[in-house]
Amino acid sequence: YLTGRTGGAATCSEFGRGVAFDAAGSVYVVGSTASLVFPTTTGALQATPPGNSGTNGYASFVVKLAPDARTIVWSTYLGGNGGNTFASRIVPDSTASAVWVQATTGGGTNFPLTADGLQRQFGGGTYDASYHQLDATTGALKYGTFMGGSGNENAATMALDASGNAYVAGDTDS
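What counts, and where the lines are drawn
- Residues numbered from 1 in each chain as written.
- Predicted model: local features only at pLDDT ≥ 70, side-chain atom pairs only at ≥ 80, totals over all residues.
- Heavy atoms only, no water.
- Helix = DSSP H or I, 4+ residues; strand = E, 2+ residues; numbered from the N terminus.
- Rg over C-alpha atoms; globule rule 2.2 N^0.38 Å.
- Buried < 20%, exposed > 50% of the residue type's maximum accessible area, 1.4 Å probe, protein only.
- Contact = heavy atoms within 4.5 Å.
- Areas by Shrake-Rupley, 256 points an atom, 1.4 Å probe, with all protein chains shown as cover.
- Lys, Arg positive; Asp, Glu negative; His and termini not counted.
- Charge placed at Lys NZ, Arg CZ, Asp CG, Glu CD.
- Pairing = 2+ DSSP bridges.
- Axes fitted to C-alpha atoms, helices over the stretch in contact; angles between N-to-C directions.

Draft legend 1. Quick peek at the overall build of the protein. When helices and strands are tallied, the protein shows zero helices and ten strands. In sequence order, the protein lays out its α and β elements as β-β-β-β-β-β-β-β-β-β. Here the C-alpha atoms of the protein give a radius of gyration of 15 Å, agreeing with the 16 Å that 2.2 N^0.38 yields for 174 residues. Along the three orthogonal principal directions, the C-alpha set of the protein runs to about 45 × 45 × 25 Å. For the protein, the residues scored as buried account for 46% of the 174 residues in total. Excluding contacts between residues fewer than 6 apart, the proportion of contacts in the protein whose partners are at least 24 apart in sequence is 60%. Just so you have it, the protein exposes about 7,900 Å², and 51% of that area is on carbon and sulfur atoms. Taken together, the 7 basic and 11 acidic charged side chains of the protein have centroids lying 9 Å from each other.

Structure follows, in structure tokens:
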């Protein structure tokens, strides 16, 4: 059971949107939260809310659980200041060395991107798709990019081939 809270409230709005298992039996969960105190781990990519979480906004969360599904291996927020982020899918690679996270996001100034990202600037509109590759052992960012044009984009699905290449699909009005 994963939950956070806002202010003094005991619970908050968490939405689990994706779950996956790697070859070792570890469990990965993604979704979105409005919590300011979602349970993150030491050394997390984003240990504190990225700036839009709380009463008026959502950040994504990514959690890796041990195969017993009772122990959090690592947990992080994922998002940027000024834009809601809704993670919807997580896909571990076949070697259990990385996981891909797919989200629809409003962007933000501190959105986790990498220098080799396909698109390092938010495209426009209200939402773009975003894709992140995280290290499966630590949750560290290996790759991050936006994918969108001047209109709105929605990340709908993704899959990996046997070599670990990501294939994505979604909706656009750009």
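Draft legend 2. Inspection of the pairing of strand E3 (residues 59-65) at higher detail. Burial analysis of E3 places seven of its seven residues in the buried class, the great majority of the element. Side chains Ala59, Phe61, Val63 and Leu65 of E3 all project onto a buried face; the interleaved residues Ser60, Val62 and Lys64 project onto the opposite face, where all are buried too. As defined by bridge partners, strand E2 (residues 27-33) adjoins E3 across seven bridges and the pair is classed as antiparallel. Counterpart to serine 32 in the pairing with E3 is serine 60. Looking at chain direction, E3 and strand E4 (residues 72-78) are connected through six bridges and run antiparallel. Considered in E4, the bridge of valine 62 is made with threonine 76.

Draft legend 3. Highlighting the sheet that holds strand E8 (residues 141-147). Pairing within the open sheet is antiparallel, and its four strands lie in the order E5-E6-E7-E8. Each edge of the open sheet carries a strand with a single partner, namely strand E5 (85-92) and E8. Here the average twist between neighbouring strands, direction ignored, is 15°. Here seven bridges tie E5 to strand E6 (residues 98-105), and the two strands are oriented antiparallel to one another. In the sheet register, arginine 89 faces E6, and the bridge partner there is glutamine 102.

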